[in-house]
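Examination of the molecular architecture
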Amino acid sequence: MQITAAVAREHGQPLSIETLELDDLRANEVRVRMVSVGVCHTDAIVRDGVYPTPLPAVLGHEGAGVVEEVGSAVRSVAVGDHVVLGAAYCGYCRRCRSGEMAYCENLFAEDFGGRRRDGSTSLSRDGEVVSSHFFGQSAFATYANVVEESVIKVDRDVPLEHLGPLGCGLNTGAGTVLNELRPPAGSSIIVFGTGAVGSAAIMAAGVAGCTTIIAVDIVDSRLELARELGATHTINSRSEDVAEQITAITDGRGVDFAVDTTARSEQLRTAAEALGVRGTLALVGAAKPGTEVSFEIGSSLVKGWTFKTVVQGSSVPQVFIPHLIDLWREGKFPFEKLVGEYDLEHINDGFEDSRNGSVVKPVVVFK
Ligand code: NAD
Ligand code: ZN
């Protein structure tokens, strides 16, 4: 069938809106009519060649839509179901079998390879091959053939227009706090970068009962929003000394938990130094391969601190995303405050507004 999609053709260039051919559904796939899709920083870095998905490609990995058709082997959803689309995973490696699909041993091929497991793509234009199955979905398109692992069934009473961003960025930020760090009630946390991922981490910290929630960014409007979402303190790292502020806020004890979504070496070092005794720092932000960070290990040894990297909020998406929707229903995860809406023709404006800091989570809504 013919579909309309936003195609990444050249590194660093805007996506182009094109008519493509979508091939027949495979046994393990679900045909989804897209209703909305979030734009994530990860789409931008793949468009720009930081990760090697072959171009031309249809990106987009935060889809939400309606199931139009299911392959013969699909068991988890049926025609008419409402679904959110998350990252793909193989389902058979040791990590997947242990319920840790965020750490799938085949993650790179499943999410960034641009091909099905049999080497084919579902997308083409006049015989030209176009990479598909980005995160199992390639959701910057009116329709997609999505692998079953990426499909998360959700209740029908929640508007699909809003749900796109749950699949990656919000799942990542909230899951890092609720699934991986699990801060005890009354503990303190600092979040570097208050984009979509950081904002979700801040809301989740509130859900967990953290009583000191410090947000760090370089954009004042984002810090104001962070306060609305539950941050108890904000620091603009351009105009204030972060270390000094943390010392003042925590009475010199340092924080229990830190989440970095900036992937900037100097911020990570600041985050490590901000930790108190037995503190944990989680790196979530994605950096160019080869990026390094240095930590002080002489006197920090006695802190007994932990550094860990966290993928996709360590979540089982089919379990955790419905939980996030329940939290949203209760007003504890008001992610609609992050969203700016675009139609597919203006998707590049969404990328630009995310880059310049004016919109936290651009969402394309298909009319
Ligand atoms: P974003 O661009 O919306 O947010 C990043 C924020 O960091 C922005 O608000 C920006 O102003 C702020 N920032 C930049 N430099 C800073 C500095 N020096 N000090 C303080 N703040 C600074 O991006 P996002 O969508 O929230 O994603 C955050 C990161 O997480 C990206 O790198 C993305 O690729 C990555 N990511 C990782 C996973 C994962 O599974 N680990 C999943 C999704 C996204
Ligand atoms: Zn796996």
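Residues numbered from 1 in each chain as written. Chains lettered and ligands numbered in written order. Predicted model: local features only at pLDDT ≥ 70, side-chain atom pairs only at ≥ 80, totals over all residues. Heavy atoms only, no water.

Looking at an unreviewed UniProt entry, the protein carries the name NAD(P)-dependent alcohol dehydrogenase, with the source organism given as Labedella populi. Annotation of the protein in UniProt includes, under Cofactor (unreviewed entry), the sentence "Zn(2+)". (UniProt positions renumbered as here; feature names shortened; annotations may be inferred.)

1. Some thoughts on empty space enclosed by the protein
What the rule picks out here adds up to two cavities of 30 Å³ or more. Within this model, the largest cavity holds a volume of roughly 70 Å³. When grouped by side-chain class, the residues that make up the lining of the largest cavity number seven nonpolar, three polar and one charged. Within this model, the second largest cavity holds a volume of roughly 30 Å³. As for the second largest cavity, its lining consists of Leu-22, Ser-122, Leu-123, Ser-132, His-133, Gln-137, Ser-138, Ala-141, Tyr-143, Ala-144 and Asn-145. Take the lining of the second largest cavity: its biggest share by element is three residues, from strand S9 (residues 143-147). Across the lining of the second largest cavity, the residue classes break down as five nonpolar, six polar and no charged. (1 Å grid on protein atoms, 1.4 Å probe; cavity = no way out; pocket = protein on both sides within 12 Å on 5 of 7 lines; lining within 4 Å. Points joined across faces, edges and corners; volume = space filled by probe spheres on them. Nonpolar A, V, L, I, M, F, W, Y, C, P; charged D, E, K, R; others polar. Helix = DSSP H or I, 4+ residues; strand = E, 2+ residues; numbered from the N terminus.)

2. Considerations on the site of ligand 1
Neighbouring ligand 1 are 26 residues; Val-197, Asp-217, Arg-222, Ala-286 and Gln-312 lie closest to it. Contact between ligand 1 and Val-310: a nitrogen atom at 3.0 Å from a main-chain N or O atom of the residue. The set of elements that each furnish at least two residues to the shell around ligand 1 consists of helix H1 (41-47), helix H6 (196-208) and helix H9 (265-274). Considering only residue class, the shell around ligand 1 consists of 10 nonpolar, 12 polar and four charged. In this structure, the shell around ligand 1 is formed jointly by two domains, domain 1 (2-167 + 334-365) and domain 2 (173-311), each of which donates at least three residues. (Near = heavy atom within 4 Å. Polar contact = N/O pair within 3.5 Å; in protein donor to acceptor, adjacent residues only side chain to side chain. Domains from an automatic or database assignment.)

3. Considering the packing of helix H5 (residues 169-181) against H6
Relative to each other, H5 and H6 sit at 40 degrees, their axes nearing to 7 Å. With respect to their mutual orientation, H5 and H6 come out oblique. Along this stretch, H5 crosses H6, giving a crossing that reads as right-handed. Listed contacts from H6 to Gly-169, Leu-170, Thr-172, Gly-173, Ala-174, Val-177 and Leu-178 of H5 are Ala-196, Val-197, Ala-200, Ala-201, Ala-204, Ala-205, Val-207 and Ala-208. Residues that form the contact of H5 with H6 fall into these classes: 12 nonpolar, three polar and no charged. (Axes fitted to C-alpha atoms, helices over the stretch in contact; angles between N-to-C directions. Parallel < 35°, antiparallel > 145°, perpendicular 65-115°, else oblique. Left-handed = near helix turned anticlockwise from the far one by under 90°. Contact = heavy atoms within 4.5 Å.)

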